[in-house]
Amino acid sequence: MDIMWQSMSRFGGFLGNLVYRGSRHFTARPMEVQNKLLLELMEKNKDTEYGKLHSFADVHNFDDFQRLVPISEFEDYDPYIERMLKGEQNLITYKNIHRYVMTSGSSGKPKLIPLCGKAIWNFQCMGFCASLGSTANYYKSLGRKLPAQRSFLALEVSKKDLGNGMSASYMSALPFLILKPLARFFATSPEDLLYPEKP
């Protein structure tokens, strides 16, 4: 068990360090990175229904984007998401959707947000590994290795069946749903607490 704790800490620290280096790289040149990302998103999504509606193909800089794409809020995307839940694709993104996350509903009714595989991976790294990477770097600055550790997690990791072969969960639960088989190696919380069975 000790070896598994150490392996989990080291692997989490390794991934977290990659996240840390990536954020240092991107924040060193924020405008260049943002410009490049905007143009990539416009190019890749120009043939979606939303991209055609707002002329993504004609966006070549921030000024074009501000002129052609209106300020929006979640309600503007809700009809698209409803259609996506029924199986339609290429509406607001060219990517395949792998799952949905739910908001808490603190600013109205709970909302479903679609996630592609890359978004899930990014959140997994940021939500779980970034803190380990920061801690590993701190220990490294002291000339020490990140110690093997487990912690008590007081959250309920559950998901809701959407009836279309997909499920939704809260964003904070997403890393722990994916890591369920490994939870006993990084959490002291009983599995029944973290993953309650729903009737």
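Note: the structure precedes this text.
Just so it is clear, the structure is predicted and the values come from calculations on it, not from any experiment.

Cut-offs applied
Residues numbered from 1 in each chain as written. Predicted model: local features only at pLDDT ≥ 70, side-chain atom pairs only at ≥ 80, totals over all residues. Heavy atoms only, no water. Helix = DSSP H or I, 4+ residues; strand = E, 2+ residues; numbered from the N terminus. Buried < 20%, exposed > 50% of the residue type's maximum accessible area, 1.4 Å probe, protein only. Contact = heavy atoms within 4.5 Å. Pairing = 2+ DSSP bridges. Lys, Arg positive; Asp, Glu negative; His and termini not counted. Salt bridge = Lys/Arg side-chain N within 4 Å of Asp/Glu carboxyl O. 1 Å grid on protein atoms, 1.4 Å probe; cavity = no way out; pocket = protein on both sides within 12 Å on 5 of 7 lines; lining within 4 Å. Points joined across faces, edges and corners; volume = space filled by probe spheres on them.

J.: Any chance you could break down the overall build of the protein for me, citing the residues and the numbers?
T.: Scanning the protein from terminus to terminus reveals 9 helices and 4 strands. In the protein, the order of α-helices and β-strands from amino to carboxyl end is α-α-α-α-α-β-β-α-β-β-α-α-α. Across the 199 residues of the protein, 34% fall into the buried class. For the protein, the proportion of contacts with a sequence separation of at least 24, taken over those separated by at least 6, is 56%.

J.: Report on the pairing of strand β1 (residues 97–102), specifying residues and quantitative values.
T.: Counting buried positions along β1 yields 5 of 6 residues, so the element is predominantly enclosed. As judged from the 5 bridges shared by β1 and strand β2 (residues 112–116), these two strands associate in the antiparallel manner. Residue V101 lies in a different strand from β2, and its bridge partner there is I113. When β1 meets strand β4 (residues 167–170), the two strands line up parallel, connected through 3 bridges. Bridge pairing links Y100 to A168 in β4.

J.: Describe the side chain of K111, naming the residues involved and giving the relevant values.
T.: Counting through the fold element by element, K111 comes out in the loop between β1 and β2. Despite its burial, K111 pairs with no opposite charge, the nearest such side chain being E75 at 4.7 Å. K111 has contacts with F74, E75, V101, M102 and T103, leaving out every residue within four places of it along the chain.

J.: Could you give an account of the layout of surface pockets, naming the residues involved and the relevant values?
T.: For the largest pocket, the calculated volume is near 1500 Å³. In terms of lining residues, the largest pocket is bounded by 42 residues, among which L37, L41, K95, K118 and N122 are the most central. Of all the secondary structure elements, the ones that give two or more residues to the lining of the largest pocket are α1 (2–28), α2 (30–45), α5 (74–85), β2 and α6 (117–141). Broken down by element, the residue count for the lining of the largest pocket peaks at 12 residues, all from α2.

No statement about biological role is implied by the geometric values presented.
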